[in-house]
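# Structural description and commentary
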Amino acid sequence: MATPIRKRRIQLNFDSHVVFGYYPSAQDDSHSWLEICDGNGHVIEEKILYDDPLSAVFIEYYQYFLGVGEKPVSDLDFNSRVVTTISQAKRKCGLLTPEAALSDDNLAYSMANMG
């Protein structure tokens, strides 16, 4: 019996190296893997990284509000810009119908006035 493999990966090709990044593919997986190879495909370096973004963002915000950490990069303004950029890309690719798409101004306003 064969077991399917779940994986999400990126491959970056450089002149003399190839970098592979494997990302968690489901909520039950909290590790990423980075592999750097030379031009002949030989592994130069491997790293396994703990990757739990939801826990990490909670820790960042708790530390910030306790006064022991810096302001997280992922604040409301940042996330508003991310949603606007994704919306623009979807609209340009035809993935948003006009009735489903908010204008960029309305989208940013909606995000900024959520709380």
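This section reports on the structure supplied with the text. (Residues numbered from 1 in each chain as written. Predicted model: local features only at pLDDT ≥ 70, side-chain atom pairs only at ≥ 80, totals over all residues. Heavy atoms only, no water.)

### Some words on the sheet that holds strand β4 (residues 43-50)
The four strands lie next to each other as β1-β2-β3-β4, forming an open sheet whose pairing is antiparallel. Where the open sheet ends on each side, the last strands, each with one partner, are β1 (8-13) and β4. Each strand of the sheet is rotated relative to its neighbour by a mean of 10°, with strand direction disregarded. Pairing of strand β3 (residues 31-38) with β4 involves seven bridges; the strand directions are antiparallel. Looking across to β4, one finds that His 31 is bridged to Tyr 50. (Pairing = 2+ DSSP bridges. Helix = DSSP H or I, 4+ residues; strand = E, 2+ residues; numbered from the N terminus. Axes fitted to C-alpha atoms, helices over the stretch in contact; angles between N-to-C directions.)

### Quick notes on a nonpolar patch on the surface
A grouping of Leu 54, Phe 58, Tyr 62, Leu 66 and Val 68 is seen on the molecular surface, where their side chains present a nonpolar patch of about 620 Å² in accessible area. When you line up the elements, Leu 54 lands in helix α1 (residues 53-66). The class for Leu 54 is exposed, based on a relative accessible area of 54%. (Patch = residues over 30% accessible without salt bridge, like charges linked within 9 Å, V, L, I, M, F, W, Y side chains within 5 Å. Areas by Shrake-Rupley, 256 points an atom, 1.4 Å probe, with all protein chains shown as cover. Salt bridge = Lys/Arg side-chain N within 4 Å of Asp/Glu carboxyl O. Buried < 20%, exposed > 50% of the residue type's maximum accessible area, 1.4 Å probe, protein only.)

### As for the layout of surface pockets
If you add up the space inside the largest pocket, you get close to 170 Å³. Residue lining of the largest pocket: Arg 8, Tyr 23, Pro 24, Ala 26, Gln 27, Asp 29, Ser 30, Asp 51, Asp 52 and Pro 53, and that is the complete set. For the lining of the largest pocket, the per-class residue count stands at four nonpolar, two polar and four charged. Reported here for the second largest pocket is a volume of approximately 150 Å³. Along the wall of the second largest pocket there are eleven residues; nearest its centre are Tyr 22, Tyr 23, Asp 29, His 31 and Trp 33. Where the lining of the second largest pocket is concerned, the elements lending two or more residues are β2 (17-23) and β3. When residues of the lining of the second largest pocket are assigned to their parent elements, the largest contribution, three residues, is made by β3. (1 Å grid on protein atoms, 1.4 Å probe; cavity = no way out; pocket = protein on both sides within 12 Å on 5 of 7 lines; lining within 4 Å. Points joined across faces, edges and corners; volume = space filled by probe spheres on them. Nonpolar A, V, L, I, M, F, W, Y, C, P; charged D, E, K, R; others polar.)

### With respect to α1
Spanning 14 residues, α1 covers 20 Å between terminal C-alpha atoms, matching the ideal 20 Å at 1.5 Å per step. Downstream of α1 by a residue or two, Gly 67 has a phi angle that is positive, lying close to 85°. (Expected span 1.5 Å × (residues − 1).)

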